[in-house]
Amino acid sequence: MTNLFSILFAPVFVILLHYFEFNLVVTFYLFVAVIFFIYMHYKKETLRDMFMPTIYLIALSIAYYYSSFSVVKFVPVTLSIIFFALFVDATLTKKHMIWGFTKQFYKKKLTEAEEAFVKNGDGYWAWVTLINTLIQIFVIYYGDDLLWAFYTSIGWYILFFVSLLAQIIYGKLYAVKMYYR
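All residue numbers here refer to positions counted from 1 along the written sequence of the relevant chain. With the structure being a predicted model, the display of local features is reserved for residues of pLDDT at least 70 and the display and counting of side-chain atom pairs for 80 or more, all residues being used for whole-chain, interface and lining totals. To obtain the side-chain values, all non-hydrogen atoms of the structure were used and water was disregarded.

### Some remarks on the overall build of the chain
The criterion, for reference: Each helix is a run of H or I in the DSSP string that is no shorter than four residues. Each strand is a run of E no shorter than two, and both are numbered from the N terminus. Here, two residues are considered to be in contact whenever any of their heavy atoms come within 4.5 Å of each other. Each accessible area is a Shrake-Rupley estimate made with a 1.4 Å probe; only the visible protein chains count as cover when residues are assessed.
Secondary structure assignment for the chain yields eight helices and zero strands. Start at the N end of the chain and walk to the C end: the helices and strands fall as α-α-α-α-α-α-α-α. Considering only C-alpha atoms, the chain reaches an extent of 65 × 40 × 25 Å along its principal axes. Looking at the chain alone, contacts between residues at least 24 apart form 68% of all its contacts between residues at least 6 apart. Accessible surface computed for the chain: about 11600 Å², of which carbon and sulfur atoms make up 72%.

Take a look at the structure:
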């Protein structure tokens, strides 16, 4: 549900701005975010699951207070910066964040070499999230609202899918063989 909200956030916001005043659109989004937050709290979701709705509530409240579309545009950038920081932390502290995701979603047993490759993937994803953050900042300052809406809704998914595909291909063709030596 959080992913659907994230995908629709930017394009629907831009579309609504063409028909309604900024403060009305932000008020509507705040109302939806509060309902979503209450729903997630009622379902007794974990703190990790409550993170995104909380960020939306805070950013939309600031955008409403300052009547600023720029604040709204920085919601995805803020989330990207947070993920970048998490991957940098995982890389430096050897927390193996990608390994945790892999174990959760990929049930097949990995070889020792494959496991070693995946455990070293946090640095790669730190770079990917840094690139994503820089693209988002570039789009905010140099792109129009439609480009911002496209990139923050599905463009970054394309970047992450291509990055994941590149990591898998690199791992299968070269990196895993290195760990066998």
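Next comes the rest of the description.
### A few points about unusual backbone geometry
Note the threshold: Summary of the burial criterion: residues with accessible area below 20% of their type's maximum are buried, those above 50% are exposed, and those between are partly exposed, where the area comes from a 1.4 Å probe applied to protein chains only.
A positive phi is found at Ser 67, a non-glycine position, where the angle reads about 50 degrees. Mapped onto the fold, Ser 67 is located in the loop between helix 3 (47-66) and helix 4 (69-93). For Ser 67, a relative accessible area of 42% gives the class partly exposed. We note that Lys 94 has phi near 55 degrees; this positive angle belongs to a residue other than glycine. Turning to its location among the elements, Lys 94 is positioned in the loop between helix 4 and helix 5 (97-105). Here Lys 94 falls in the exposed class, since its relative accessible area comes to 56%.

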